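A look at the structure
One letter stands for each residue in the lines below.
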Amino acid sequence: MAAAAAAATPTASTRLLRHSAPAPGHHQLRFSTRIDLRHRSAARLSPAPALLPDRVTPFNFDADGDDHPREECGVFGVIGDPDASSLCYLGLQKLQHRGEEGAGIAAAGVDGKLKSVTGLGLVGDVFRDPARLANLPGNAAIGHVRYSTAGAAAALRNVQPFLAVLAAYRFGQVAVAHNGNLVNYQALRNRLEAQGSIFNTSSDTEVILHLIATSLSRPLLSRICDACERLAGAYSLLFLTADKLFAVRDPLGFRPLVMGRRPNGAVVFASETCALDLIDAAYEREVAPGEVVVVDRRDMSVSSACLVPHRPRKSCVFEHIYFALPHSVVFGHAVHERRTAYGRALAEESPAPTADVVIPVPDSGFYAALGFAQASGLEFQQGLIRWHYSGRSFIQPSQAIRDLAVKLKLSPVRGVIEGKGVVVVDDSLVRGTTSSKIVRLLRDAGARARCTCASPARRRSSAHASTASTRPARASSFPTGWTSRA
Ligand SMILES: O=P(O)(O)OC[C@H]1O[C@H](OP(=O)(O)OP(=O)(O)O)[C@H](O)[C@@H]1O
Ligand SMILES: NC(=O)CC[C@H](N)C(=O)O
């Protein structure tokens, strides 16, 4: 059929089409390719470097001036387990803190057919109806929780995994889940559209599928490598086909991706080790920066390929400061140990000899405050209570809602702080929404509060995406009464 279409259509045309009448909640994308060979040959002769924009920012910034980093997203994949989609659901629940805008799972059935279910909102909401998981049989699945970097947050079509049919090729269906931000995606998209590709979403992730579809390499692994070599920015990716699961990490290792194994031999990939722990998968190792790991479900063989020669890592420090859960191991280091060390450093740089008590801004400020208290010999107390029915205030969509969310989220414990010199330690300040509210909360509760932030101010941006040299909080955004590390 694709050949007939190609004959009828002289121009190159790569289509990513939604099924004409998708079932409610289903987001199945059809990727049919009609390509003019002359056009494609010409494109192959031109150089294919990663297309870099003139200016890149450390984090993705919204056009509406919402200048917070939007780099999270969680990916999870399992292969070789009959309960793959249920395990995926649990893994995504554990990664919920990495994205609350949308969630989805794609699974490969025993017949080799891929199906996906996606929806807006939390994992529990998307899969509230048990029929949705039941509709995803098979022993391999990948999943995604989204915190958008490109493309509308509230659009179902942008929720991953994307499921595409490479109709003109024997590879069949491919599903993809992506954590990261492609800084050259607009340039790539412009080029692909000029060559006839038709995009179905406004997500940067979709360019990866079009690059795979238009690559002339064989087999699919080579196509994936070919596509990834054109990407600039951050990508930790999971691809699922009828018989394989591919895990890919960008050459600089911006975003985390780990690999583990269940007692029954099933291989698991996740953004954070906390999701492995939950499903009794033993942590084996990180997917190395620039590596592609391939697991074949027919014999469960695991092989590895290298995208590009080794380059120095540029892992995102914000993973350790805020994004990841404290019991995860990220970039080979325990997150809670890193946070405690940041708190100790803060105490050394800004001692508080006259304070009575140290309190954290829960949850993610906990270990930094503990480190501060340990290093300064001060009492450590829970002076703010976190209300857990609200999501992470940092990832709420509008400022007005964020303001109310902080009030809803944090309440002072008057008995702990009243009349005392209180050192308040938070892990990070992004917009200052939380910190400015805390100053008023604590003053009203009768405390003499000194508010501190365990992250140094961000002094400069680095190329591509958030990196170890990027400081997450901006000095200019620090509200009155707050200090940070130098
Ligand atoms: O300066 P802001 O824009 O307010 O963002 C920074 C705040 O957001 C984060 O907490 P979050 O509400 O996500 O809760 P958590 O620590 O429990 O994850 C972070 O720990 C800070 O408290
Ligand atoms: N935060 C992320 O990793 C988001 C993935 C992808 N760029 C999206 O916008 O959906």
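Overview of the structure. Remember, predicted model here, so these are calculated numbers, not experimental data. (Residues numbered from 1 in each chain as written. Chains lettered and ligands numbered in written order. Predicted model: local features only at pLDDT ≥ 70, side-chain atom pairs only at ≥ 80, totals over all residues. Heavy atoms only, no water.)

Concerning the environment of Leu238
To keep things clear, this is the line we draw: The helix and strand labels rest on DSSP assignments: H or I over at least four residues marks a helix, E over at least two residues marks a strand, and numbering proceeds from the N terminus. Any two residues whose heavy atoms approach within 4.5 Å are treated as being in contact.
Mapped onto the elements, Leu238 comes out in strand 10 (residues 236–240). Taking C-alpha positions, Leu238 is 7.8 Å from Phe76, a pair spaced 162 residues apart along the chain. Not counting residues within four places of it along the chain, the set of residues in contact with Leu238 comprises Val75, Phe76, Gly77, Ile142, Ala175, Val176, Ala177, Leu245, Phe246, Ala247, Leu257 and Phe269.

A closer look at the site of ligand 2
The line we're drawing: Nearness of a residue to a molecule or strand requires only that one of the residue's heavy atoms be within 4 Å of it. Residues adjacent in sequence count toward polar contacts only when both atoms are side-chain atoms; beyond that, a polar contact is any pair of N or O atoms within 3.5 Å, and within protein one must be able to donate a hydrogen and the other to accept it. With a 1 Å grid spanning the protein atoms alone, the term cavity applies to any set of points in which a 1.4 Å probe fits but cannot get out, the term pocket to an open set with protein on both sides within 12 Å along at least five of seven lines, and the term lining residue to any residue with an atom within 4 Å of a point. Placement in a cavity or pocket follows one criterion, namely that more than half of the molecule's atoms lie within 2 Å of its grid points. Three classes are used: nonpolar for Ala, Val, Leu, Ile, Met, Phe, Trp, Tyr, Cys and Pro, charged for Asp, Glu, Lys and Arg, and polar for all others, with Gly counted as polar.
Lining the immediate surroundings of ligand 2 are 15 residues, of which Cys73, Arg146, Thr149, Gly180 and Asp204 lie closest. Between ligand 2 and the protein, one listed contact pairs an oxygen atom with a side-chain N or O atom of Gln160 at 3.5 Å. Take Asn179: an N or O atom from its side chain is 2.8 Å from an oxygen atom of ligand 2. In this structure the site holding ligand 2 corresponds to the second largest cavity. Considered class by class, the residues forming the shell around ligand 2 number three nonpolar, seven polar and five charged.

Re the sheet that holds strand 16 (residues 301–306)
Rules: Any two strands between which DSSP finds at least two bridges are classified as paired. To get an axis, a line is fitted to the C-alpha atoms, and for a helix only the part in contact is used. The angle between two axes follows their N-to-C directions and goes from 0 to 180 degrees.
Across the sheet, six strands lie side by side as 7-8-10-11-15-16; this open sheet has antiparallel pairing. The open sheet has two free edges, formed respectively by strand 7 (162–166) and strand 16, since each of these has just one partner strand. If you compare each strand with its neighbour and ignore which way they point, the axes differ by 20° on average. Contacting strand 7, strand 8 (172–179) and strand 10, helix 7 (residues 206–214) crosses the sheet at an angle of about 15° to strand 7. Across the sheet, helix 8 (residues 220–229) is in contact with strand 8, strand 10, strand 11 (244–249), strand 15 (291–296) and strand 16; its angle to strand 11 comes to roughly 25°.

Notes on helix 12 (residues 366–376)
Heads up, the rule is: A simple rule labels every residue: compare its accessible area, found with a 1.4 Å probe on the protein chains alone, to the largest value its type can have, and call it buried under 20%, exposed over 50%, or partly exposed in between.
Considered for burial, the residues of helix 12 that qualify are Ala368, Ala369, Gly371, Phe372 and Ala373. For helix 12, the elements touching its buried residues are helix 11 (335–349), strand 19 (357–360), strand 20 (379–380), strand 23 (421–426) and strand 24 (448–456). Phi for Gly377, located one or two positions after helix 12, is positive at around 70°.

Some points on the packing of aromatic side chains
For clarity, the cut-off: The rule is short: rings of Phe, Tyr and Trp, with Trp giving its six-membered ring, pair when the centres are within 6.5 Å, and they are stacked under 30 degrees, edge-to-face over 60, tilted in between.
Summed over all chains, the structure comprises six aromatic pairs. When the centroid spacing of 5.8 Å and the interplanar angle of 45° are considered together, the rings of Phe318 and Tyr322 count as tilted. Here the residue Phe318 and the residue Tyr322 both occupy positions in helix 10 (residues 317–323), the gap between them amounting to four residues, near one helical turn. There is no split in this pair, since Phe318 and Tyr322 are both buried.

Regarding the pattern of salt bridges
In plain terms, the rule: Definition used for salt bridges: Asp or Glu carboxyl oxygen within 4 Å of a side-chain nitrogen of Lys or Arg.
One pass over the full model with this rule turns up 17 salt bridges. Arg189 is the salt-bridge partner of Glu193, the closest N and O atoms lying 3.2 Å from each other. Taken together, the residues Glu193 and Arg189, both in helix 6 (residues 185–194) and four residues apart, mark about one turn of the helix. Judged by relative accessible area, Arg189 falls into the buried class, the value being 14%. Salt bridges here are not isolated pairs; linked through shared partners, they connect Arg98, Arg255, Glu272 and Glu319.

A look at empty space enclosed by the protein
Here is the rule we go by: Grid points are joined across faces, edges and corners, and a volume is the space filled by probe spheres set on the points.
A full pass over the atoms with the stated rule returns two cavities of 30 Å³ or more. Volume-wise, the second largest cavity comes out at about 60 Å³. Cys73, Arg146, Tyr147, Ser148, Thr149, Ala150, Gln160, His178, Gly180, Ser203, Asp204 and Thr205 together form the lining of the second largest cavity.

Brief notes about the pairing of strand 19
Threshold: Whether a crossover is right-handed comes down to one check: with the strands pointing away from the viewer, does the path from the first strand over the helix to the second run clockwise; if it does, it is right-handed.
Burial along strand 19 is two-sided: Val357 and Ile359 facing one way and Val358 and Pro360 facing the other are all buried. Note: strand 19 against strand 20, two bridges, orientation parallel. From the neighbouring strand, Val357 faces strand 20, where its bridge partner is Glu379. Crossover handedness for the path strand 19 to helix 12 to strand 20: right-handed. Bridging between strand 19 and strand 23 involves four bridges; their strand directions are parallel. Pairing of Val357 across the sheet is with Val422, part of strand 23.

Structural notes on the pairing of strand 24
Looking at chain direction, strand 23 and strand 24 are connected through six bridges and run parallel. Bridge pairing links Val423 to Arg450 in strand 24. Taking the sense of rotation as the criterion, the β-α-β connection linking strand 23, helix 15 (residues 433–444) and strand 24 turns out right-handed.

A look at the environment of Asn190
With respect to the element layout, Asn190 can be found in helix 6. Along the chain, Asn190 and Cys451 lie 261 residues apart, while their C-alpha atoms are 47 Å from each other.

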